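Structural overview for review
Spelled out, the chains give:
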Amino acid sequence: MYTASWRDVVRRDLFGPRPDPRDRPYRLVVRLALVVFRLLRLRFDVRGAEHVPATGGAVVSSNHVSYLDFTFLGLAALPQHRLVRFMAKAAVFGHWFSGPFMRAMRHIPVDRKAGAAAFDAAVRALKDGELVGVFPEATISQSFTLKDLKAGAARMAIDAGVPILPAAVWGGHRVATKKHPVDLSGGKAVTVLLGEPLWPEPGEAPAALLARTRTAMEALLDEAQRSYPQQPAGPEDRWWLPVHLGGTAPTLEEATARDRADAAGQRQRARTSRRARLRARLRRGGRAA
């Protein structure tokens, strides 16, 4: 198990002998993340970091259980002195606080109404030798099991001619996840597993590569869950375990229904917000007249 130390925070060689000057903001954020990991006394079990290529592009395809998953996957790439460009919702880039950081770190915004631009940007980054991080479930899994995967990761790997690195993260949802309060009590374990690269085969269809990726991700997630070194403190603390491991998390069917309800609520809030803005403009126009 690895626990971030203050020495790690200030290590000169953390990012290799000649880090790209353009990545100074990203390197600062990584050091700040290590400070947070240290303060929370998170205990990391990172396996498979040797599968991250020292150079060249790859798609890092991971399950999604917490708001912090991208930081944990980034930690797994550090031994190879690599930084991961994550694909994230365009709204995060438009936020007054997170937006400047996301742009400075050269992450890739995804506008779900115009996904082709994000796809093209990701393929360009992969061809330029970048690691691109993708959560193909699209949203956090409230059942803590693997949901249906979007085909974008497989299509990007085929178009760019790079491998997919299947990955699994587990434990971060005990700190911060959807529909649960943030828990900053220290000492929680976080498991990060990276599997062997899956290279697209000649003429392979995206659906076939996606199926291979899903199989690898399911195996890694199962290993991460079953080898996790901590257990619930009691019956009321079993919320973070999936049903098949004796937990009280929603079933996959229940979680899917929750996702649909959340999406419907978001659409309704967006419509209400648009109507409110229109009324405000009409009132301003009336006063100006």
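Here is what the cut-offs are and how they apply
Residues numbered from 1 in each chain as written. Predicted model: local features only at pLDDT ≥ 70, side-chain atom pairs only at ≥ 80, totals over all residues. Heavy atoms only, no water. Buried < 20%, exposed > 50% of the residue type's maximum accessible area, 1.4 Å probe, protein only. Helix = DSSP H or I, 4+ residues; strand = E, 2+ residues; numbered from the N terminus. Arc of directions from axis to C-beta. Domains from an automatic or database assignment. Contact = heavy atoms within 4.5 Å. Buried area = accessible area lost by both parts, 1.4 Å probe. Salt bridge = Lys/Arg side-chain N within 4 Å of Asp/Glu carboxyl O. Patch = residues over 30% accessible without salt bridge, like charges linked within 9 Å, V, L, I, M, F, W, Y side chains within 5 Å. Areas by Shrake-Rupley, 256 points an atom, 1.4 Å probe, with all protein chains shown as cover. Core = buried A, V, L, I, M, F, W, Y, C linked by side-chain atoms within 4.5 Å. Axes fitted to C-alpha atoms, helices over the stretch in contact; angles between N-to-C directions. Parallel < 35°, antiparallel > 145°, perpendicular 65-115°, else oblique. Left-handed = near helix turned anticlockwise from the far one by under 90°. Nonpolar A, V, L, I, M, F, W, Y, C, P; charged D, E, K, R; others polar. UniProt positions renumbered as here; feature names shortened; annotations may be inferred.

Buried within helix α7 (residues 152-160) we find Ala153, Ala154, Met156, Ala157 and Ala160. Down the axis, α7 shows its buried residues gathered within 160 degrees of arc, on one side only. Positioned one or two residues after α7, glycine 161 has a phi angle of 70 degrees, which is positive.

Moving on, we come to the domain arrangement of the protein. You'll often see interface size given as the accessible area lost when the parts meet. Per the domain assignment, the segments making up the protein are domain 1 (45-248) and domain 2 (251-288). Of note, the centres of domain 1 and domain 2, computed from C-alpha atoms alone, are 28 Å apart. Facing ten residues of domain 1, the contacting portion of domain 2 comprises six residues. Buried area between domain 1 and domain 2, summed over both chains or domains, comes out near 620 Å², and the portion from carbon and sulfur atoms is 49%. Our count for the contact surface shared by domain 1 and domain 2 stands at four salt bridges. Put simply, aspartate 262 and lysine 179 hold a salt bridge, and the shortest N to O gap is 3.1 Å.

This part is about a nonpolar patch on the surface. Residues Trp96, Phe97 and Phe101 make up a contiguous nonpolar surface patch of roughly 410 Å² in combined accessible area. Examined against the element boundaries, phenylalanine 101 turns out to sit in helix α5 (residues 98-104). For phenylalanine 101, a relative accessible area of 37% puts it in the partly exposed group.

Formed by 50 residues in total, the largest nonpolar core has its most connected members in Phe37, Phe72, Leu73 and Trp170. Of all hydrophobic cores here, the second largest spans 25 residues; its members include Ala118, Ala122, Val132 and Ala153.

Where helix α6 (residues 115-127) contacts α7, the axes come no closer than 9 Å and their chain directions differ by 45 degrees. Between α6 and α7, the crossing angle belongs to the class labelled oblique. Where α6 crosses over α7, the two elements pack in a sense that is right-handed. Facing α6, whose interface residues are Phe119, Ala122, Val123, Leu126 and Lys127, α7 presents Gly152, Arg155, Met156, Asp159 and Ala160. In the contact of α6 with α7, the residues fall into six nonpolar, one polar and three charged.

What follows covers the UniProt feature "domain: Phospholipid/glycerol acyltransferase" (unreviewed entry) in the protein. Sites flagged by UniProt as "domain: Phospholipid/glycerol acyltransferase" (unreviewed entry) map to residues 58-172. Annotated as residues 58-172, this span is 37% helix and 22% strand, and its ends, taken at the C-alpha atoms, are 24 Å apart.

As a further point, take unusual backbone geometry. Residue phenylalanine 144 is not a glycine yet carries a positive backbone phi of 65 degrees. In this fold, phenylalanine 144 is placed in the loop between β5 (131-134) and α7. Residue classification places phenylalanine 144 among the buried residues on the basis of a relative accessible area of 2%. The phi dihedral of lysine 179 falls on the positive side, at around 65 degrees, and the residue is not glycine.

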